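A structural walkthrough
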Amino acid sequence: AIFPSRTSRAAMAQASGVKVQDIKDITRIERIGAHSHIRGLGLDDALEARLVSQGMVGQVNARKAAGVILQMIRDGKIAGRAILIAGQPGTGKTAIAMGMSQALGADTPFTTIAGSEIFSLEMNKTEALTQAFRRSIGVRIKEETEIIEGEVVEIEIDRPAAGSAATAGKTGKLTLKTTEMETVYDLGQKMIDSLTKEKVQSGDVITIDKATGRISVLGRSFARSRDYDAMGSSTKFVQCPEGELQKRKEVVHVVSLHEVDVINSRQQGFLALFSGDTGEIKSEVREQIDQKVAEWREEGKAEIVPGVLFIDEVHMLDIECFSFLNRALESDLAPILVVATNRGITRIRGTNYKSPHGIPIDLLDRLLIISTTPYTENEVKQILRIRCEEEDVEMGDDALALLCKVGMETSLRYAIHMIIAAALVCAKRKGTQVEVEDIKRVYSLFVDVKRSTQFLTEYQNEFMFNEIQSADADMTDAQV
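Moving on, we come to the overall build of the protein. When its secondary structure is counted, the protein shows 15 helices and 17 strands. Burial analysis of the protein (480 residues in total) assigns 38% to the buried set. Relative to all contacts within the protein whose residues are 6 or more apart in sequence, the contacts with residues 24 or more apart total 65%.

Given below as structure tokens:
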């Protein structure tokens, strides 16, 4: 049985009156987030920060410092280091952390949590932090598996005749070849179903895992590239495999220590990862897993991949959490800890004492501190231009200049939020690009923090539970 190719299926669709344009591939839909434009830290090979690169703008010194930390993480030889990114609101602290995550790639674990996330009724605070630490440490496990790799010459499937016993399954033969040999394999029902599911046809280069029977299509053979006049853009051509059909291949899996903990601590094992019912894990289970991982490391079967744990709004943690972090950072299996805060000298949660950034002095002493500075007008304009491209919004130069002015007088976040709102106002009047009047319209519809505060001050007596202090008092000290 020969399965039709993509091009022949398109031809059949056209012949049956269906437009080829209506046949669309299913693509992954990604939502545009606050930091979806970040692709990395924007550093060159010498760890020097480019002015505008990979979605990052400005903060040159902070990005240089983050690049040094990044190199330290990639080397993977230093554990238990902690970095504090401190700066005013809207100065790109989270963006730098996201840039580090993008630069490290998918193989290095990067866990992001907010300081308030660990306060849960289901588990205690130290258990939540321990699980976050264990998520940030990967184990790269190596194992050898036997595979069959070759080019499909022919697929023969014998279907049972009509009226025969229902239990009689399909049988068939699969002919595979390499540059040096050719072999015919007998197929059972399951293998035939797998071949049908993967749409394998003559001329495909495939691999079959002998242990699991899993079939993977690597692509079309170069020798069969002229079989059809037209090929889809997704068609990939590969060389016909060389040597023996059966080969031993080294497979590498990267799992986090937390995933290993969950699998070994729950009766349903691997399925517990999908149910989300992780709960509290006993320390004895973790100790046994650490011992086993240490044995694998000595035998060369596995290696530790130290990752990054990023805690945003770290001032929300209390004194118990800070004490736990002090001890946890001394462990051999500790990841690189990156924390961020926008607080100045403020009270440590859980105590009556004040400290810089709301963090105890003994923990601050362990931190390498990266400070971020407010953006200049030119940098704000560059960021807004990047966000317009990310959100697919056409904006005129005059409108962009006005939006930049608004961002400097209010806040960068407010200006970024205005972009998509202005685009909707523009679409309402059937315009092609956002103009000054669209920005003015949105500015009048949505107030910023300063105008909202001014409104509350003027009409405080008409609101419930108002407790405003004297004009010279600091708003942050107001007691509610």
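Our focus in this paragraph is the sheet that holds strand β14 (residues 336–341). Backbone-to-backbone hydrogen bonds pair the strands of a sheet. The strands run either parallel or antiparallel. The sheet built from five strands is open, its strands ordered β4-β13-β14-β3-β17 with parallel pairing. Edge positions in the open sheet fall to β4 (110–114) and β17 (367–371), since each of these has one partner strand only. Taking the axes of each pair of neighbouring strands and ignoring which way they run, one obtains an average angle of 20 degrees across the sheet. One ladder, built from five bridges, connects strand β3 (residues 82–86) with β14; its direction is parallel. Within the sheet, the bridge partner assigned to Ala86 lies in β14 and is Thr341. The strands touched by helix α2 (residues 60–75) are β3, β13 (308–312), β14 and β17; relative to β17, the strand with the most contacts, the crossing angle is about 145 degrees.

Next up on the list: the environment of Leu257. Here Leu257 is to be found in helix α6 (residues 257–265). Given a relative accessible area of 0%, Leu257 falls into the buried group. Along the sequence, Leu257 and Ile289 sit 32 residues apart, while their C-alpha atoms lie 8.3 Å from each other. Non-local contacts of Leu257, meaning those with residues more than four positions away in its chain, are made with Arg134, Ile137, Val139, Ile289, Asp290, Val293 and Leu333.

Turning our eyes to something else, we now look at the pairing of strand β6 (residues 171–177). Looking at chain direction, strand β5 (residues 137–158) and β6 are connected through seven bridges and run antiparallel. What sits directly across from Glu151, in β6, is Lys177. Pairing analysis gives six bridges linking β6 to strand β7 (residues 182–187), with the strands arranged antiparallel. What sits directly across from Leu174, in β7, is Tyr185. Between β6 and the antiparallel strand that follows it, β7, lie four residues.

Another aspect to go through is the nonpolar core. In this structure, Ile311, Phe322, Leu325, Leu337 and Ile359 are the most contacted members of the largest nonpolar core, which totals 28 residues. Put simply, the parts of the chain that give this core at least two residues each are β3, α4 (125–135), β13, α9 (319–328), β14 and α10 (361–364). Setting aside residues up to four positions removed in sequence, Phe322 forms contacts with Val314, Leu317, Ile348, Gly358, Ile359, Pro360 and Leu363. With 26 residues, the next largest nonpolar core counts Val57, Ile386, Ile419 and Val434 among its residues.

This part takes up the packing of helix α13 (residues 412–428) against helix α14 (residues 436–445). It is the contact of α13 with α14, at a shortest axis distance of 9 Å, that shows an interaxial angle of 115 degrees. Our pair here, α13 against α14, has a crossing hand that is right-handed. Residue-level inspection shows Tyr414, Met418, Ala421, Ala422, Val425 and Cys426 of α13 in contact with α14, the latter providing Asp438, Ile439, Arg441, Val442 and Tyr443. For the contact of α13 with α14, the residue count by class is nine nonpolar, no polar and two charged.

Our next topic: the confidence of the model for the protein. Caution applies to low-pLDDT regions: their predicted coordinates should not be interpreted in detail. Averaged over every residue, the pLDDT of the protein is 81; the share at 70 or more is 83%. Of the regions scoring below 50 in pLDDT, residues 1–29 engages in 25 contacts with residues more than four places distant in sequence or in other chains. In the model, residues 470–480 has pLDDT below 50 throughout and makes five contacts with residues more than four positions away in sequence or in other chains.

Turning next to the packing of aromatic side chains. Taken as a whole, this structure holds four aromatic pairs when the rule is applied. When the ring of Tyr414 is compared with that of Tyr443, the centres are 6.4 Å apart and the planes differ by 70 degrees; the resulting orientation is edge-to-face. Separated by 29 residues along the polypeptide, Tyr414 in helix α13 and Tyr443 in helix α14 bring together distant segments of the chain. Looking at Tyr414, the relative accessible area reads 11%, which means it is buried. Centre to centre, the rings of Phe455 and Tyr459 are 4.9 Å apart; their planes meet at 40 degrees, and the pair counts as tilted. The class for Tyr459 is partly exposed, based on a relative accessible area of 35%. Lying across the ring of Tyr443, Arg451 places its NZ or CZ 3.7 Å from the centre.

The next point concerns the side chain of Asp312. Tracing the sequence through the fold places Asp312 in strand β13. Although Asp312 is buried, it forms no salt bridge, and the closest oppositely charged side chain is Lys93 at an N-O distance of 6.8 Å. Ignoring any residue separated from it by four or fewer positions in sequence, one finds Asp312 in contact with Thr94, Ile113, Ala114, Gly115 and Ala340.

What counts, and at which threshold
Counting restarts for each chain: residues are numbered from 1 in the order of the written sequence. pLDDT decides what is reported in this predicted model: residues at 70 or higher carry local features, side-chain atom pairs at 80 or more are listed and counted, and totals for whole chains, interfaces and linings draw on all residues regardless. Note that the side-chain values use all heavy atoms of the structure and ignore hydrogens as well as water. Helix and strand labels come from DSSP, where a helix needs a run of H or I of at least four residues and a strand needs a run of E of at least two; each type is numbered from the N terminus. Summary of the burial criterion: residues with accessible area below 20% of their type's maximum are buried, those above 50% are exposed, and those between are partly exposed, where the area comes from a 1.4 Å probe applied to protein chains only. In what follows, a contact means two residues having at least one pair of non-hydrogen atoms within 4.5 Å. At least two DSSP bridges between two strands are required for those strands to pair. The angle between two axes is taken between their N-to-C directions and runs from 0 to 180 degrees, where each axis is a line fitted to C-alpha atoms and a helix contributes only its stretch in contact. As used here, the term nonpolar core means buried Ala, Val, Leu, Ile, Met, Phe, Trp, Tyr and Cys residues forming a set that is joined through side-chain atoms within 4.5 Å. If you view the pair so one helix is near and one far, a crossing is left-handed when the near helix is turned anticlockwise from the far one by less than a right angle, and right-handed when it is turned clockwise. Residues are sorted three ways: Asp, Glu, Lys and Arg are charged, Ala, Val, Leu, Ile, Met, Phe, Trp, Tyr, Cys and Pro are nonpolar, and all the rest, Gly among them, are polar. A residue's pLDDT is simply how confident the predictor is in it, with values from 0 to 100. By convention, a stacked pair of Phe, Tyr or Trp rings (six-membered ring in the case of Trp) has centres within 6.5 Å and planes under 30 degrees apart, an edge-to-face pair has planes over 60 apart, and any other such pair is tilted. In this scheme, the term charge over a ring applies when either NZ of a lysine or CZ of an arginine sits within 6 Å of the ring centre and within 35 degrees of the ring normal. Only four residue types enter the tally: Lys and Arg on the positive side, Asp and Glu on the negative side; His and the chain ends are excluded. For salt bridges, the criterion is a side-chain nitrogen of Lys or Arg within 4 Å of an Asp or Glu carboxyl oxygen.

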